[in-house]
Amino acid sequence: GEDVEQSLFLSVREGDSSVINCTYTDSSSTYLYWYKQEPGAGLQLLTYIFSNMDMKQDQRLTVLLNKKDKHLSLRIADTQTGDSAIYFCAEKAGGFKTIFGAGTRLFVKA
Amino acid sequence: DSGVTQTPKHLITATGQRVTLRCSPRSGDLSVYWYQQSLDQGLQFLIQYYNGEERAKGNILERFSAQQFPDLHSELNLSSLELGDSALYFCASSVATADTQYFGPGTRLTVL
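In this text, all values refer to a predicted model and were calculated from it rather than measured experimentally. (Residues numbered from 1 in each chain as written. Chains lettered and ligands numbered in written order. Predicted model: local features only at pLDDT ≥ 70, side-chain atom pairs only at ≥ 80, totals over all residues. Heavy atoms only, no water.)

Q: How should I be thinking about the overall build of chain B in this particular structure?
A: Secondary structure summary: chain B contains 0 helices and 11 strands in total. Secondary structure elements of chain B occur, N-terminal to C-terminal, as β-β-β-β-β-β-β-β-β-β-β. What you see for chain B is a C-alpha radius of gyration of 13 Å, in line with the 13 Å of a compact globule of 112 residues. Across its three principal directions, the C-alpha atoms of chain B cover 35 × 30 × 25 Å. Taken across its 112 residues, chain B has 52% of its residues classed as buried. Counted over contacts in chain B with a minimum sequence separation of 6, partners at least 24 positions apart contribute 55%. Approximately 5,300 Å² of chain B is accessible, and the part contributed by carbon and sulfur atoms is 48%. (Helix = DSSP H or I, 4+ residues; strand = E, 2+ residues; numbered from the N terminus. Rg over C-alpha atoms; globule rule 2.2 N^0.38 Å. Buried < 20%, exposed > 50% of the residue type's maximum accessible area, 1.4 Å probe, protein only. Contact = heavy atoms within 4.5 Å. Areas by Shrake-Rupley, 256 points an atom, 1.4 Å probe, with all protein chains shown as cover.)

Q: When you look at the nonpolar core in this model, what are you seeing that I'm missing?
A: Nonpolar side chains tend toward joint burial in soluble globular proteins. In terms of nonpolar packing, the biggest core is built from 21 residues, with Trp34, Leu72, Leu74 and Tyr87 of chain A touching the most fellow members. Among the elements of the structure, β3 (18-24), β4 (31-37), β7 (61-66), β8 (71-76), β9 (85-92) and β11 (104-109) of chain A are those that each provide at least two residues to this core. Listed in part, the 20 residues of the second largest apolar core include Val19, Val32, Leu78 and Cys91 of chain B. (Core = buried A, V, L, I, M, F, W, Y, C linked by side-chain atoms within 4.5 Å.)

Q: For this particular structure, what's the right way to read the packing of aromatic side chains?
A: Each aromatic ring pair is described using two quantities: the centre-to-centre distance and the angle formed by the ring planes. Counting across every chain of the model gives 14 aromatic pairs over all chains. Relative to Phe100 of chain A, the ring of Tyr35 of chain A has its centre 5.5 Å away and its plane inclined at 50 degrees; by these criteria the two rings are tilted. On the criterion of sequence distance, the pair formed by Tyr35 of chain A in strand β4 and Phe100 of chain A in strand β10 (residues 98-100) is long-range, its members being 65 residues apart. Assessed through its relative accessible area of 1%, Tyr35 of chain A is described here as buried. When the ring of Phe64 of chain B is compared with that of Tyr89 of chain B, the centres are 6.5 Å apart and the planes differ by 70 degrees; the resulting orientation is edge-to-face. (Phe/Tyr/Trp six-rings, centres within 6.5 Å; stacked < 30°, edge-to-face > 60°.)

Q: What's the story with the state of the cysteines in this structure? I'm lost.
A: Each disulfide consists of one covalent bond between the sulfur atoms belonging to two cysteines. Residue and element names in this part refer to chain A. One pass over the full model with this rule turns up 2 disulfides over all chains. Here Cys22 is linked by a disulfide to Cys89, with a sulfur-sulfur distance of 1.9 Å. Every disulfide takes its handedness from the sign of the S-S torsion; for Cys22 and Cys89 that torsion is -65 degrees, giving left-handed. Linking Cys22 in strand β3 with Cys89 in strand β9, this pair joins segments that are 67 residues apart in sequence. (Disulfide = S-S within 2.5 Å.)

Q: Is there a simple way to think about the interface of chain B and chain A in this case?
A: Bring the parts together and some accessible area is lost; that lost area is often taken as the interface size. Contacts between chain B and chain A engage 16 residues on the former and 14 residues on the latter. Taken over both partners, the interface formed by chain B and chain A buries close to 1,400 Å², and the fraction arising from carbon and sulfur atoms is 58%. Linking chain B to chain A there are 0 salt bridges. Put simply, chain B and chain A have 4 residue pairs in polar contact (both at pLDDT 80 or more) between them. Contributing elements (two or more residues each) for the side of chain B that touches chain A: β4 (31-38), β5 (42-50), β9 (87-94) and β10 (102-103) of chain B. (Buried area = accessible area lost by both parts, 1.4 Å probe. Salt bridge = Lys/Arg side-chain N within 4 Å of Asp/Glu carboxyl O. Polar contact = N/O pair within 3.5 Å; in protein donor to acceptor, adjacent residues only side chain to side chain.)

Function cannot be read off these values alone, since they describe shape.
Okay, here's the thing in structure tokens:
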């Protein structure tokens, strides 16, 4: 069935790069998304990548997609304390469904 | 600000009660989605409406129901509340049925 998996926690030092990984199962996925959730807030769309792309860069964010391995990653360069949040990976699977991962909690140490 | 609004922000009620959560989608969006987020279950998809009609159903309990009105706002009704229903309830909207979803700020429900 359709599933999206992410590691639950990641801890980095301020100024380092963070890499959050995600794997998905539906090979017919068209879009893959990264959302950010800060404490007490809703999910904010960070970026997305179309399935025929390998990479997308947006300022400090780099998304890499390995479609063969069904692996998606989000790299945050020069991680700041304000980047501390939960990051959700999601895929737009076949039909009408968007499947969300469980979220990766990013801790940034000053 | 995503443009999706939800009311109320917080709701505290007792077991056995019934509550209604409200969502207004972004201007121009026809689809509305409801999600439940609890500590132990993560983000769970409940139900989706498109232009007033139910489009997809997820892990929604029979005690829960939703509808989308002609002005496209949506309400999620939770009845016979149990302690385990305490969670954040998010609404999201998208232009059509399978487009990028934009989330509201959520309603935090506490059942005592």
